[in-house]
Amino acid sequence: MRSRPSPWHARYQHRFTAPQTVVVQPTTWCNLDCRYCYLPFRKLKHQMSPEVAAALAQAVAQFDDNARPIGIVWHGGEPLAVGRQKFAALLAPFEALRRAGRVHHYVQTNATLLTRTWCELLAAYGVRVGVSIDGPAALNAERVDLRGKPAFDRILRGITQLREYGIPFSIISVVGVLGIAMPEKLLEFLASLGGHSVGFNIEEIEGVNTDRQPPTAVQAEEFWRRTLTWSREHPGAPAVREVERLAEYLQLIRSGQRAEWDERRLDPIPTVSWKGDVVLLSPELADTAAPEYGDFMAGNILEQPLAEILRDAHRLRYIRDFLTGLDRCEAECEFFDFCRGAQAANRYFENGSLATTETNYCRVSRQALVTALSTLATKEAAA
């Protein structure tokens, strides 16, 4: 007689889908030392072995019921710091899956190491590129190298390589207390770089980045209001990730497709470290230790298949606390319908527990966006 699933297992399955994204750490090391970075081991030169990459490719191959290709997101550290030959060796085990259309590769890079030969490799494997840059030189001043020297010119050179080789790229920009006050200048500069989309990460308190003052909710609402206005006035500009997500939500609701939105479940976002350790929910939880949750490790792909790690995830205390927090968000927060309450790392680093609800991330990156749109709509209706 088959045993019935536990209540926690049922709650996990209700909230989560099979992984759509797997974040992979080819190295802990980064050639930059950004002042707001949350990574504790970015000065250590650990590298992933081909054996770990092969085990991960074998694990990903077991997820054969995904409607869309799984995104393999090479993150870091700085992924390109492993060098072209080593990076190619890490990509190789996935090649049959990629050619079959079952995975897509992504790399999030600071672009300082990009050359023409790097572009040739990225193009050969169909790697989709995301570049991290925070704006013009004055707003990018927190991105410095290990000697404290600005990285801005090197980032621009890398972007030029991508453009000359014809490789499309997206942009992620960290918005701090300076950038939050000048969205138009920021947007105009980022649009001039030639990327197809822009995502804004308003600076957060997480990892080892705990002693800086992040932007406030009031500042964020003004930032989003002006971003929404600018985006509408520049229809040919790169899409803003957060604006696009809100627009998709509103379009589905207004067109009678609420069920499609409501049926969407969260991605468990397994993050695989250089040595095969797996952390779930947020890449920021990797390399973190907590009295309540230990090291957040759910397993190791050299010892246990990823599908089995995910199947047993409901047994982990931090997963159970996260589910409890999600239930509370849904019951208590008026923004849950859009937000979905899924920022695990922020709950831990800001509140000390994943069973909690609202964070500053919620206020500046979700709530402020919605209230900014509401304010604009109210003003236009009254005009």
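Data block above holds the structure.
Here the structure is a predicted model, which means the values were calculated and not measured. (Residues numbered from 1 in each chain as written. Predicted model: local features only at pLDDT ≥ 70, side-chain atom pairs only at ≥ 80, totals over all residues. Heavy atoms only, no water.)

(A) How the structure looks around the sheet that holds strand β9 (residues 277-279). Ordered by their spatial adjacency, 10 strands build an open sheet running β7-β6-β5-β4-β3-β2-β1-β8-β9-β10, and the pairing between neighbours is mixed. Two strands in the sheet have a free side with no partner beyond their single neighbour: β7 (239-240) and β10 (297-300). Here strand β1 (residues 21-24) runs beside strand β2 (residues 70-74); their pairing, made up of four bridges, is parallel. In the sheet register, Thr-21 faces β2, and the bridge partner there is Gly-71. (Pairing = 2+ DSSP bridges. Helix = DSSP H or I, 4+ residues; strand = E, 2+ residues; numbered from the N terminus.)

(B) Region of the structure containing the environment of Leu-193. By secondary structure assignment, the location of Leu-193 is in the loop between α7 (183-192) and β6 (197-202). Take Leu-193: its relative accessible area is 6%, and that puts it in the buried class. Between the C-alpha atom of Leu-193 and that of Gly-135, which follows or precedes it by 58 residues, the distance is 9.9 Å. With residues up to four places along the chain from it excluded, the contact list for Leu-193 reads Ile-133, Leu-156, Ile-159, Arg-163, Phe-169 and Ile-171. (Buried < 20%, exposed > 50% of the residue type's maximum accessible area, 1.4 Å probe, protein only. Contact = heavy atoms within 4.5 Å.)

(C) Looking closely at the nonpolar core. Within the largest apolar cluster, 110 residues are counted, with the highest numbers of intra-cluster contacts made by Trp-74, Ile-133, Phe-200 and Tyr-318. Examining the composition of this core, we find that seven residues originate from one element, helix α2 (residues 50-61), more than from any other. For Tyr-318, the residues in contact, after removing those within four places along its chain, are Val-279, Leu-280, Leu-281, Leu-285, Tyr-293, Phe-296 and Leu-354. (Core = buried A, V, L, I, M, F, W, Y, C linked by side-chain atoms within 4.5 Å.)

(D) How the structure looks around unusual backbone geometry. Cis rather than trans, the peptide bond between Gly-76 and Gly-77 has omega equal to 10 degrees. Along the chain, Gly-77 falls in the loop between β2 and α3 (84-91). Its identity as a non-glycine residue notwithstanding, Ile-269 has a phi of 45 degrees, on the positive side. Summarising the element assignment, Ile-269 is placed in the loop between α10 (258-262) and β8 (271-272). With a phi close to 70 degrees, Arg-340 is a non-glycine residue in the positive phi region. Mapped onto the elements of the fold, Arg-340 is located in the loop between α13 (336-339) and α14 (344-351).

(E) Looking closely at the packing of aromatic side chains. Applying the stated rule across the entire model yields 17 aromatic pairs. Here Phe-152 and Phe-189 contribute two aromatic rings whose centre-to-centre distance is 5.9 Å and whose plane-to-plane angle is 35 degrees, an arrangement assigned as tilted. Highlighted residues: Phe-152 in helix α6 (residues 152-165) and Phe-189 in helix α7, separated in sequence by 37 residues. Grouping residues by exposure puts Phe-152 and Phe-189 together as buried. Consider the rings of Tyr-348 and Phe-349, whose centres lie 5.3 Å apart with planes at 70 degrees: the pair is edge-to-face. (Phe/Tyr/Trp six-rings, centres within 6.5 Å; stacked < 30°, edge-to-face > 60°.)

(F) Representation of the pattern of salt bridges. Applying the stated criterion across every chain, the model contains 25 salt bridges. Asp-327 is paired through a salt bridge with Arg-15; the nearest N and O atoms lie 2.8 Å apart. Of this pair, Asp-327 sits in helix α12 (residues 317-332) while Arg-15 sits in helix α1 (residues 7-15), placing them 312 residues apart in sequence. Of the residues examined, Asp-327 reaches a relative accessible area of 32% and is grouped as partly exposed. In this structure, the salt-bridge partner of Arg-264 is Glu-260, at a minimum N-O distance of 3.4 Å. Its relative accessible area of 38% is what places Glu-260 among the partly exposed residues. (Salt bridge = Lys/Arg side-chain N within 4 Å of Asp/Glu carboxyl O.)

From the geometry alone we can't say anything about function, so treat these as descriptive.
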